[in-house]
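Read off the chains here:
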Amino acid sequence: MTAAEDILSRPAVRRRRFGLSNLRGRISWTFVAGFLILLASLVLAIAPGLIAPYKPAAFDYKAILKPPSLAHPFGSDNFGRDILSRTIWAYRIDLQIAFFGTLFPVVFGTFVGAMVGYYGGWLETIFGRVVDAVITFPFLVLVIAIVAVLGPGLFNLYIAVSIVGWIFYARLIAAEIKVQKRLDYAAAGRVMGYSTARIILRHLLPNAITAALIYWMTDMALCILLGSSLGYLGLGAQPPTAEWGVLIADGKNYMSTAWWISIFPGVAIVITGLGFSLLGDGLSDMLRPKR
Amino acid sequence: MLNLGFVVRRLLQMIPTFVFILVVTFVIVRLLPGDPLSAQAGDRVTDAQVAHAQAELGLDQPMLVQFFLFVKHVLSGDLGRSYVVQIPVWRLIGQRLPPTLILTAMSTILGILIAVPLAFVAALRRDRVSDAAIRGTFQVGLSMPVFYIGLVLLTVFSAQLRWFPVGGYGDSMADHVYHLFLPSLTLAVSLAAVLMRNLRTAIIDVLNAEYVDFARAKGLMPRVIMIRHVLRNALISSVALLGPTIGTLLGGAVITESVFAIPGVGRLMIDSIYGRDYPVIQGLTLSLAVVVSLIFLATDLIQAALDPRVAQ
């Protein structure tokens, strides 16, 4: 191959050193483990009816408070409901909480962060004050207070989480955009006459989003913890909905005699949480340039 | 010594924080469908009675006027009166605050006692089996909801082994500590996990610093190096972390107090929600937010005192 051919055969745009395009060839085992756990969780959430042996609310008065057995691998509760099936059906609700609880914060936080980071000035000053004020607010107390006033239920939980949650994404994105916009490729974009929107969306954001993406994984795990806590307190998903926090609350009075009612849903929370953490750690290893 | 400019700047930062806290707690109760009064009274009162009572409470005034009235009341220490038990909110909160404060303090101490030695082991045996085991265990602890940890500890140590009481708060100080041990341990798990992770990284960084090499070259005993040089410098970054985590701890107390039936403000919060006792919810949100922002202030100042570079 001649030198000219060699140059021509190269991709026109060089791969960037940072950001999402840097994924090739460095798949970490934490990423794979987290990905597999969450993939399995997603399958359970999408098709619980195909996998769960019983319906989540099917009463069976002949099998009340039965310990784990072949017929009921995770045992049964005080209504004879199958704990394995209820735990599986709860994947649908709890993954939904993780997704919808973080959806608005991710989108809106990214938008605000990009604006603040790109334009700076008085926008940055105001944003700084808002961050100072919000960060000192005890998050759980605020969420509980909002849910208390709006009423229990998942939708109000999403509202409560979204009111505060976007701040953290905006902060991460703003800090990164501020760095990226000073780099040469951003200046090149401006020289090319690209619109501001195009520079932000196509050029700066893909390079600035790594930290927020990693935080999103942690945030989804936190959201499940929060959702199940509120479910446990009776302020989140309402019984008889199969949600892990609700399931654990169902079994709390039977802990000494029928531990399986509460223990297995808790294990599901831990495994899912670990899945998100591993995925986040893996992404972090793969996307962040080594120091 | 503390840099005066930093202290002033940090104190000025409290102003927007307090304004935000006031606005949020004011708005929260206004989010109610209808007004707080009819939410309380239901169908038992006539419209005329509602109008009269609203005028008395200033609820017929424009929003902005209402807000200033609210701020005036809060500043004069008047948080309103509980709908349910009919005593001033601040007195109710005052009665229920001690258990929560003891609980939070005990969890912080327990968390530090657990995290510091384990962080040392993990950092010194970096990437070996013990390091992986410690980090793995804490990762699992972090993924566990607080109420779940509490429920398991309660079942094992109180119901089965009968080492600890099943709930309550006790009468004397020693009794309080005994009653609050398991709840504190419950809360300490997540604090210890966050602290351990941060300290481990900090210790690894400090171990590579030149002044540690120098201390070794001087022939100081390893124990002295560890405590005087490594631990002291590694702890600084963790002090900054204590503010946010103690804030989370106070939030977690709401859940823990429900699991262990402790008569603290967290339990009061949940009871008030079930009883639709809005002045108490409002007062609690306000006072907890103020307490947390003061803890933030304190940890920031302590950190600045320990490390003058922070104040720059």
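Residues numbered from 1 in each chain as written. Chains lettered and ligands numbered in written order. Predicted model: local features only at pLDDT ≥ 70, side-chain atom pairs only at ≥ 80, totals over all residues. Heavy atoms only, no water.

Caption draft 1: Spatial organisation of the overall build of chain B. Each helix and strand counted, chain B has 12 helices and 0 strands in total. Mapped from its N terminus to its C terminus, chain B presents α and β elements in the order α-α-α-α-α-α-α-α-α-α-α-α. The contacts in chain B between residues at least 6 apart in sequence include a share of 74% that link residues at least 24 apart. Total accessible area computed for chain B in this model is approximately 15,400 Å², and 66% of it derives from carbon and sulfur atoms. Separation between the mean location of the 23 positive side-chain charges and that of the 18 negative ones in chain B comes to 12 Å. (Helix = DSSP H or I, 4+ residues; strand = E, 2+ residues; numbered from the N terminus. Contact = heavy atoms within 4.5 Å. Areas by Shrake-Rupley, 256 points an atom, 1.4 Å probe, with all protein chains shown as cover. Lys, Arg positive; Asp, Glu negative; His and termini not counted. Charge placed at Lys NZ, Arg CZ, Asp CG, Glu CD.)

Caption draft 2: Representation of the interface of chain A and chain B within the structure. If you look at the interface, chain A gives 38 residues, while chain B gives 42 residues. Carbon and sulfur atoms supply 79% of the area buried between chain A and chain B, which totals about 3,400 Å² over both sides. Between chain A and chain B we count 0 salt bridges in total. Across the chain A-chain B interface, the total number found is 3 residue pairs in polar contact (both at pLDDT 80 or more). Elements supplying a minimum of two residues to the side of chain A that touches chain B: helix 5 (121–135), helix 6 (139–150), helix 10 (210–233), helix 11 (244–251) and helix 12 (260–287) of chain A. For the side of chain A that touches chain B, the class distribution of residues is 25 nonpolar, 10 polar and 3 charged. (Buried area = accessible area lost by both parts, 1.4 Å probe. Salt bridge = Lys/Arg side-chain N within 4 Å of Asp/Glu carboxyl O. Polar contact = N/O pair within 3.5 Å; in protein donor to acceptor, adjacent residues only side chain to side chain. Nonpolar A, V, L, I, M, F, W, Y, C, P; charged D, E, K, R; others polar.)

Caption draft 3: Local environment of unusual backbone geometry. In this structure, A:P240 follows A:P239 across a cis peptide bond, with omega equal to 10°. Of note, A:P240 is situated in the loop between helix 10 and helix 11. With a phi close to 55°, A:L65 is a non-glycine residue in the positive phi region. Along the chain, A:L65 turns up in the loop between helix 3 (48–51) and helix 4 (83–119). Classification of A:L65 by relative accessible area gives partly exposed; the value is 28%. Residue B:D127 is not a glycine yet carries a positive backbone phi of 65°. Its relative accessible area of 61% is what places B:D127 among the exposed residues. (Buried < 20%, exposed > 50% of the residue type's maximum accessible area, 1.4 Å probe, protein only.)

Caption draft 4: Quick peek at the UniProt feature "domain: ABC transmembrane type-1" (unreviewed entry) in chain B. As annotated in UniProt, the feature "domain: ABC transmembrane type-1" (unreviewed entry) corresponds to residues 97–303 of chain B in the numbering used here. A distance of 27 Å separates the end C-alpha atoms of residues 97–303 of chain B, which is 85% helix and 0% strand. (UniProt positions renumbered as here; feature names shortened; annotations may be inferred.)

Caption draft 5: The UniProt feature "domain: ABC transmembrane type-1" (unreviewed entry) in chain A, seen in detail. The sites that carry the UniProt feature "domain: ABC transmembrane type-1" (unreviewed entry) are, in the present numbering, residues 91–280 of chain A. Split by type, residues 91–280 of chain A is 83% helix and 0% strand. Its first and last C-alpha atoms lie 20 Å apart.

Caption draft 6: Molecular detail of the UniProt feature "transmembrane region" (unreviewed entry) in chain A. Residues and elements named next belong to chain A. The UniProt record marks residues 27–51, 97–118, 130–151, 157–174, 212–237 and 257–280 with the feature "transmembrane region" (unreviewed entry), using the residue numbering of this structure. Helix makes up 88% of residues 27–51 and strand 0%, and the two end C-alpha atoms of the span are 30 Å apart. Secondary structure content for residues 130–151 is 82% helix and 0% strand, and the end C-alpha separation is 26 Å.

Caption draft 7: View of the pattern of salt bridges. Scanning the entire structure with this criterion turns up 9 salt bridges over all chains. Residue A:D250 is joined to A:R81 by a salt bridge in which the shortest nitrogen-to-oxygen separation is 3.8 Å. Remark: A:R81 occurs in the loop between helix 3 and helix 4 and A:D250 occurs in helix 11; sequence separation between them is 169 residues. Of the residues examined, A:R81 reaches a relative accessible area of 5% and is grouped as buried. B:D131 serves as the salt-bridge partner of B:R135, at 3.6 Å between the closest nitrogen and oxygen. With B:R135 and B:D131 both in helix 6 (residues 129–143), this residue pair falls 4 residues apart, about one helical turn. The class for B:R135 is partly exposed, based on a relative accessible area of 39%. One network of salt bridges, in which partners are shared, links A:D77, A:R81, A:R86 and A:D250.

Caption draft 8: Structural context of the packing of helix 12 of chain A against helix 7 (residues 146–160) of chain B. At their nearest, the axes of helix 12 of chain A and helix 7 of chain B sit 11 Å apart, and the two run at 140° to each other. Taken as a pair, helix 12 of chain A and helix 7 of chain B cross one another with a handedness that is left-handed. Note on element contacts: helix 7 of chain B touches helix 12 of chain A through B:Y148, B:L151 and B:V152, opposite A:S262, A:I263, A:G266 and A:V267. Considering only residue class, the contact of helix 12 of chain A with helix 7 of chain B consists of 5 nonpolar, 2 polar and no charged. (Axes fitted to C-alpha atoms, helices over the stretch in contact; angles between N-to-C directions. Left-handed = near helix turned anticlockwise from the far one by under 90°.)

Caption draft 9: Up close: helix 7 of chain B. A rise of 1.5 Å per residue sets the reference length of helix 7 of chain B, with its 15 residues, at 21 Å; its end C-alpha atoms lie 20 Å apart and thus fit the reference within 8%. Within helix 7 of chain B, the axis deviates most sharply at B:L154, by approximately 30°. Taken together, the buried positions of helix 7 of chain B are occupied by B:V146, B:F147, B:Y148, B:I149, B:G150, B:L151, B:L153, B:L154, B:T155 and B:S158. Against the buried residues of helix 7 of chain B lie helix 10, helix 11 and helix 12 of chain A together with helix 6, helix 8 (173–207) and helix 10 (222–260) of chain B. Just beyond helix 7 of chain B, the residue with positive phi is B:R162, at close to 60°. (Expected span 1.5 Å × (residues − 1). Bend = angle between axes of the 7 residues up to and from the residue.)

Caption draft 10: Molecular detail of helix 12 of chain A. Taking 1.5 Å as the rise per residue, helix 12 of chain A with 28 residues should run 40 Å; its terminal C-alpha atoms sit 40 Å apart, in good agreement. Taken across its 28 residues, helix 12 of chain A has 23 buried, putting it largely inside the fold.

Caption draft 11: View of the environment of B:I236. Position of B:I236 relative to the elements: it lies in helix 10. Note: C-alpha distance between B:I236 and B:G251 (15 residues apart in sequence) is 24 Å.

Caption draft 12: Representation of the packing of aromatic side chains within the structure. All names here are of chain A. Per the counting criterion, the structure on display carries 21 aromatic pairs over all chains. Taking the centre distance of 5.4 Å and the plane angle of 70° together, the rings of F99 and F100 count as edge-to-face. In this structure F99 comes out as partly exposed when scored by relative accessible area, which is 38%. In this structure F100 comes out as partly exposed when scored by relative accessible area, which is 38%. Here the aromatic rings of W259 and F264 are separated by 5.8 Å at their centres, their planes lie at 45°, and the arrangement is tilted. Taken together, F74, W259, W260 and F264 form an aromatic cluster joined through their ring pairs. The ring of Y194 carries the charged tip of R198 above its face, separated from the ring centre by 4.1 Å. K252 extends its terminal NZ or CZ atom over the ring of Y232, reaching a point 5.1 Å from the ring centre. (Phe/Tyr/Trp six-rings, centres within 6.5 Å; stacked < 30°, edge-to-face > 60°. Lys NZ or Arg CZ within 6 Å of the ring centre and 35° of its normal.)

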